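Analysis of the macromolecular model
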Amino acid sequence: MLDLVKPLDADTLSRLLQYATATAAERVHLRPGNRPLVSGLGGPREIGFRQLCAEDTREVAGHFLEAARVSERIRESSCDAAREIFLFMLLPDGTLAEAVLEPCRSGVAITIELIPPLPPEAAALLAEA
């Protein structure tokens, strides 16, 4: 029976994030052993989805790593020092999703900050400035 449950794929993650933005959530919390939580207006609330496993959060981390853009300057750098890579994903409605990955006892915990696009009037004001 458990063989039927597949890790969270890119389409499911996209739908989960779109649901969160549609319900005015500011953050999505993904942690193995728990259902996805959204928070923002009001207290945290569970999304009607199954309990996540370590494979789910590893897959989500992979989706964000694939979407990460690294500047040409950093990519071509010969420096050995570690550089911070910001994990952003642009959703179809223009919302920016930034993932913060943290190790936890059962794998990786992910907090996704949702940054909605500017309203057209605000974008126009910025363009004029």
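Here, every reference points to the structure presented above.
In this numbering scheme, every chain counts its residues from 1 along its sequence in written order. It should be noted that, the model being predicted, local features are given only for residues of pLDDT at least 70 and side-chain atom pairs only at 80 or more, the latter also being counted only at that level, while totals for whole chains, interfaces and linings use all residues. Calculation of side-chain values draws on the structure's entire complement of heavy atoms; hydrogens and water are dropped beforehand.

On to the environment of S39. Helical segments are the DSSP runs of H or I of at least four residues, strand segments are the runs of E of at least two, and each set is numbered from the N terminus. Relative to the assigned elements, S39 resides in strand β2 (residues 37-40). Using a 1.4 Å probe on the protein chains alone, a residue whose accessible area is under 20% of its type maximum counts as buried, one over 50% counts as exposed, and one in between counts as partly exposed. Overall, the relative accessible area of 8% leaves S39 in the buried class. Between the C-alpha atoms of S39 and A24, which are 15 residues apart in sequence, the distance is 8.7 Å. It only takes one pair of heavy atoms within 4.5 Å for two residues to be counted as in contact. Contact partners of S39, with chain neighbours within four places excluded, come to A25, E26, R27, H29 and P44. Throughout this description, a polar contact denotes any pair of N or O atoms lying within 3.5 Å of each other; where both atoms belong to protein, one of them has to be capable of donating a hydrogen while the other can accept it, and for residues adjacent in sequence the pair is counted only when both atoms sit in side chains. Polar side-chain contacts of S39 include one of 3.0 Å to the side chain of H29.

Bringing the side chain of T95 into the picture now. You can see T95 is positioned in the loop between β4 (87-90) and β5 (96-104). Judged by its relative accessible area of 2%, T95 is buried. One polar contact links T95 to D93, side chain to side chain, over a distance of 2.9 Å. Residues contacting T95, with those up to four places away along its chain left out, are T21, M89, L90, L114, I115, P116 and P117.

So yeah, pure geometry; function would need other evidence.
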